[in-house]
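# Examining the three-dimensional arrangement
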Amino acid sequence: LDFSSYFRYNQGMNPKVRPPKKPFNPGRKIFGWEAHDYHPHKHGALWIIIFSVILLGGALWAILANGDWLMAFVFFLVAGMYFWAHRKGSEIHQIQVFEGGMLVDQKLFPLERLGGYWFIYDETVSVINFQLKSKYEQKISLQMGEMDPDFFRQNFARIGLEELPDKKEGLLDLWIRALKL
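Criteria and cut-off values
- The numbering scheme is per chain: residues are counted from 1 as the chain's sequence reads.
- For this predicted model, a pLDDT threshold of at least 70 governs which residues receive local features, and a threshold of 80 or more governs which side-chain atom pairs are given and counted, while totals over whole chains, interfaces and linings are taken from all residues.
- The side-chain numbers reported here are obtained from all heavy atoms of the structure, hydrogens and water having been left aside.
- Counting from the N terminus, the helices are the DSSP runs of H or I reaching at least four residues and the strands are the DSSP runs of E reaching at least two.
- A simple rule labels every residue: compare its accessible area, found with a 1.4 Å probe on the protein chains alone, to the largest value its type can have, and call it buried under 20%, exposed over 50%, or partly exposed in between.
- Contacts are residue-level and defined by heavy atoms, with any inter-residue pair within 4.5 Å sufficient.
- The accessible surface values rely on the Shrake-Rupley method and a 1.4 Å probe; as for residues, cover is taken only from the protein chains in view.
- Paired strands, as defined in this entry, are two strands with at least two bridges between them according to DSSP.
- Lines fitted to C-alpha atoms define the axes here, with helix axes fitted over just the stretch in contact, and angles between the N-to-C directions of these axes take values from 0 to 180 degrees.
- Working definition: rings of Phe, Tyr and Trp (its six-membered ring) pair if their centres are within 6.5 Å, and the pair is stacked with planes under 30 degrees apart, edge-to-face with planes over 60 apart, and tilted otherwise.
- Note on criteria: charge over ring means Lys NZ or Arg CZ within 6 Å of the ring centre, with the direction from the centre no more than 35 degrees off the ring normal.
- What counts as a salt bridge is simple: a side-chain nitrogen of Lys or Arg found within 4 Å of a carboxyl oxygen of Asp or Glu.
- Nonpolar cores are built from buried Ala, Val, Leu, Ile, Met, Phe, Trp, Tyr and Cys residues. Side-chain atoms within 4.5 Å join them into one set.
- Only residues whose relative accessible area exceeds 30% and that form no salt bridge enter a patch; like-charged residues are grouped when within 9 Å of one another, and nonpolar side chains (Val, Leu, Ile, Met, Phe, Trp, Tyr) when within 5 Å.

### Here we look at the overall build of the protein
Along the backbone of the protein there are 5 helices and 7 strands. For the protein, the succession of helices and strands along the chain, N to C, is α-β-α-α-β-β-β-β-β-β-α-α. For the protein, buried positions account for 29% of its 181 residues. When contacts within the protein are restricted to residue pairs at least 6 apart in sequence, those whose partners lie at least 24 apart make up 59%. Surface exposure of the protein reaches about 13100 Å², of which carbon and sulfur atoms provide 62%.

### Details of the sheet that holds strand S4 (residues 107–110)
Strand order in this open sheet of 4 strands is S1-S2-S3-S4, and the pairing throughout is antiparallel. Each edge of the sheet is formed by a strand with only one pairing partner; in this case those strands are strand S1 (29–36) and S4. Across the sheet, the mean angle from the axis of one strand to that of its neighbour is 15°, orientation sign disregarded. The pairing of strand S3 (residues 101–104) with S4 spans 4 bridges and is classified as antiparallel.

### As for the side chain of Ser 126
Relative to the helices and strands, Ser 126 resides in strand S6 (residues 126–132). Assessed through its relative accessible area of 15%, Ser 126 is described here as buried. Apart from residues lying up to four places away in sequence, Ser 126 is in contact with Ile 120, Tyr 121, Leu 142, Gln 143, Met 144 and Gly 145.

### Points about the packing of aromatic side chains
In this structure the tally under the stated criterion is 11 aromatic pairs. On the basis of an interplanar angle of 15° and a centroid distance of 5.7 Å, the ring pair of Phe 31 and Trp 33 is categorised as stacked. Neither Phe 31 nor Trp 33 differs from the other in exposure class; each is buried. One aromatic cluster in this structure is built from Phe 31, Trp 33, Tyr 117, Phe 119, Phe 130, Phe 151, Phe 152 and Phe 156. Here Lys 167 stacks its cationic end above the ring of Trp 118, 5.1 Å away from the centre of that ring.

### What to know about the pattern of salt bridges
Enumeration according to the criterion identifies 3 salt bridges in this entry. Between Glu 99 and Arg 28 there is a salt bridge whose closest N-O contact spans 3.3 Å. Here Glu 99, found in the loop between strand S2 (92–98) and S3, pairs with Arg 28, found in the loop between helix H1 (3–10) and S1; they are 71 residues apart in sequence, far enough to count as distant. Under the relative-accessibility criterion, Glu 99 is labelled partly exposed at 38%. For Arg 28, a relative accessible area of 48% translates into the label partly exposed.

### Brief notes about the nonpolar core
Counting residues in hydrophobic clusters, the biggest one holds 23 residues, and the most contacted among them are Trp 33, Val 97, Ile 128, Phe 130, Leu 142 and Phe 156. Looking at this core, the elements that each hand over two or more residues are S1, S2, S3, strand S5 (114–121), S6, strand S7 (139–143) and helix H4 (149–159). By residue number, the principal contributor to this core is S1, which donates 4 residues. With near-sequence residues (within four places) excluded, Phe 130 lies in contact with Trp 33, Met 102, Leu 114, Gly 116, Tyr 117, Trp 118, Gln 138, Lys 139, Ile 140, Leu 142, Phe 156 and Leu 161.

### Comments concerning a nonpolar patch on the surface
Taken together, the side chains of Leu 70, Met 71, Phe 73, Val 74, Leu 77, Val 78 and Met 81 present a nonpolar region at the surface, about 650 Å² in accessible area. Judged by its relative accessible area of 35%, Met 71 is partly exposed.

### Looking at the environment of Gly 100
For Gly 100, the location among the structural elements is in the loop between S2 and S3. Its relative accessible area of 16% is what places Gly 100 among the buried residues. Once the C-alpha coordinates of Gly 100 and Pro 26 are considered, the two residues, 74 residues apart in sequence, prove to be 4.5 Å apart.

Written as structure tokens, this is what we have:
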């Protein structure tokens, strides 16, 4: 390492070293609420029995009908992942909406990253989804709590976040909700 390389590296001229980002100022707080990430379902003994019978039946079918031990393993792996993901139950998140973005717990989503929002709302479910601007069509789903869609519409209009009325619940999300997973 010669002196000029060392000097450029320490003066921040090395292209691999990024300058520190300016702190993001989200602006004035508009509103906030507490929300579950999904509706917390109480799984009773009957639900656990039915889930276990389906799991064991699927694994036995995979082994006996096809001799497919890998598929049987996948059945148990999926069940293990489900119980691992739900080991703590539903977590309560603190959501705060500011003029320049949204804060979910301690994760900041600047307004430029939010593509819009849409609702899944009827007598059994009240979910607000936020579409992120990314190449992977990511979304954030949060329970609305006791608030109705009009409350969100009025407040999000104040910061210029638009509703996406054409968006619908995905098929996988619908099945997860229907099966109370």
